[in-house]
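# Coordinates in review
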Amino acid sequence: ATRLESIKLSTKNFQTDINSLLIIIDADDNFDNRKKNVVDLLKSNGLILSTTYKLGTIEWLNGIKVGVFILPDNSNRGSLERLLLESVNHKNLLVCSDNMISCRNSSNTPFQNLTQNQLDKVKFRLHMNVLVADYDFTYKDIFAAEIDYSHSCFDDLKLFVTTNSI
């Protein structure tokens, strides 16, 4: 079972303790499978989304406001790292990550069968490591200073969270 399939929501005090449930998850390499996993998870917890449910919106289920957002954009495979790569402040340094990936692929131990999503994750982590010495080895500070959270790639996600938060 995947990590998502192994999650069982605690329903002991569901009706009294939980008002909202917003799920934000990476599509990773298969958007349709991820969507099915989330729908099945909710269903196994007594929260059945209507067949007309539109991702990124809210549906009331058993008195709970439920919403699902699948990164990067509710329709394509990918992940948060894809958005982060789009929004980095020092895009000129992304070539360093690309060069590292090229170097590895031309070595005796190239990457084997990585999907684009996996390459995005590798590339973003390499980019963070290029910057880490500039921030006293504190990744939190890199995220604060080096990601442009006003970038349009975050608009749908921000709208989902701000419109549907408690």
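Right above here is the structure, for reference.
Residues numbered from 1 in each chain as written. Predicted model: local features only at pLDDT ≥ 70, side-chain atom pairs only at ≥ 80, totals over all residues. Heavy atoms only, no water.

For the protein chain, the helix and strand inventory stands at seven helices and three strands. Helices and strands in the protein chain line up, N terminus first, as α-β-α-β-β-α-α-α-α-α. With 166 residues in all, the protein chain has 36% of them scored as buried. Long-range pairs, those at least 24 residues apart, make up 62% of the contacts in the protein chain between residues at least 6 apart in sequence. Here the protein chain has roughly 10,000 Å² of accessible surface; of this, 53% comes from carbon and sulfur atoms. (Helix = DSSP H or I, 4+ residues; strand = E, 2+ residues; numbered from the N terminus. Buried < 20%, exposed > 50% of the residue type's maximum accessible area, 1.4 Å probe, protein only. Contact = heavy atoms within 4.5 Å. Areas by Shrake-Rupley, 256 points an atom, 1.4 Å probe, with all protein chains shown as cover.)

Within the element layout of this structure, Ile 70 appears in strand β3 (residues 64–71). Put simply, Ile 70 and Ile 25 are 45 residues apart on the chain and 5.1 Å apart in space, counted from C-alpha to C-alpha. If we ignore the near neighbours within four places in the chain, the residues touching Ile 70 are Ile 25, Asp 26, Ala 27, Phe 31, Arg 34, Lys 35 and Leu 55.

Turning to the side chain of Asp 26, a few remarks are in order. Within the secondary structure layout, Asp 26 lies in strand β1 (residues 20–26). One polar contact links Asp 26 to Lys 121, side chain to side chain, over a distance of 3.2 Å. Ignoring sequence-local partners within four residues, the contact set of Asp 26 consists of Arg 34, Ile 70, Leu 71, Gly 78, Ser 79, Leu 80, Glu 81 and Lys 121. (Polar contact = N/O pair within 3.5 Å; in protein donor to acceptor, adjacent residues only side chain to side chain.)

What follows deals with the sheet that holds strand β2 (residues 58–61). Sheet architecture is open: three strands sit in the order β1-β3-β2, paired in mixed fashion. What marks the edges here is a single partner per strand, and that holds for β1 and β2. Taking each pair of neighbouring strands and ignoring which way they run, the sheet shows an average axis angle of 25°. (Pairing = 2+ DSSP bridges. Axes fitted to C-alpha atoms, helices over the stretch in contact; angles between N-to-C directions.)

A separate point is helix α4 (residues 94–105). In this model α4 runs 17 Å from its N-terminal to its C-terminal C-alpha over twelve residues, within 8% of the 16 Å that 1.5 Å per residue would give. Buried residues of α4: Leu 94, Ser 97 and Ile 101, and no others. Along the long axis of α4, the arc covered by the buried residues comes to 60°, so they all point the same way. Its buried side turned inward, α4 meets α3 (80–87) and α5 (116–131). (Expected span 1.5 Å × (residues − 1). Arc of directions from axis to C-beta.)

The subject of this paragraph is the pairing of β1. Within β1, five of the seven residues are buried, which leaves the element mostly enclosed by the surrounding structure. With seven bridges connecting them, β1 and β3 associate as parallel partners. When the sheet's bridge partners are listed, Ile 24 is paired in β3 with Phe 69.

A word on the environment of Phe 124. Note that Phe 124 resides in helix α5. Take Phe 124: its relative accessible area is 4%, and that puts it in the buried class. In sequence terms Phe 124 and Leu 85 are 39 residues apart; their C-alpha atoms lie 6.2 Å from each other. In contact with Phe 124, other than residues within four places in its own chain, are Glu 81, Leu 84, Leu 85, Val 88, Phe 143 and Ile 147.

Moving on, we come to α5. Taking 1.5 Å per residue as the helical rise, α5 with its 16 residues ought to reach 22 Å, and the 23 Å between its terminal C-alpha atoms agrees with that figure. Residues of α5 that are buried: Asn 117, Asp 120, Lys 121, Lys 123, Phe 124, His 127, Met 128 and Leu 131. Projected onto a plane normal to the axis of α5, the buried residues spread over an arc of 165° and lie on a single side. Packing partners of the buried residues in α5 comprise β1, α3, α4 and α6 (139–146).

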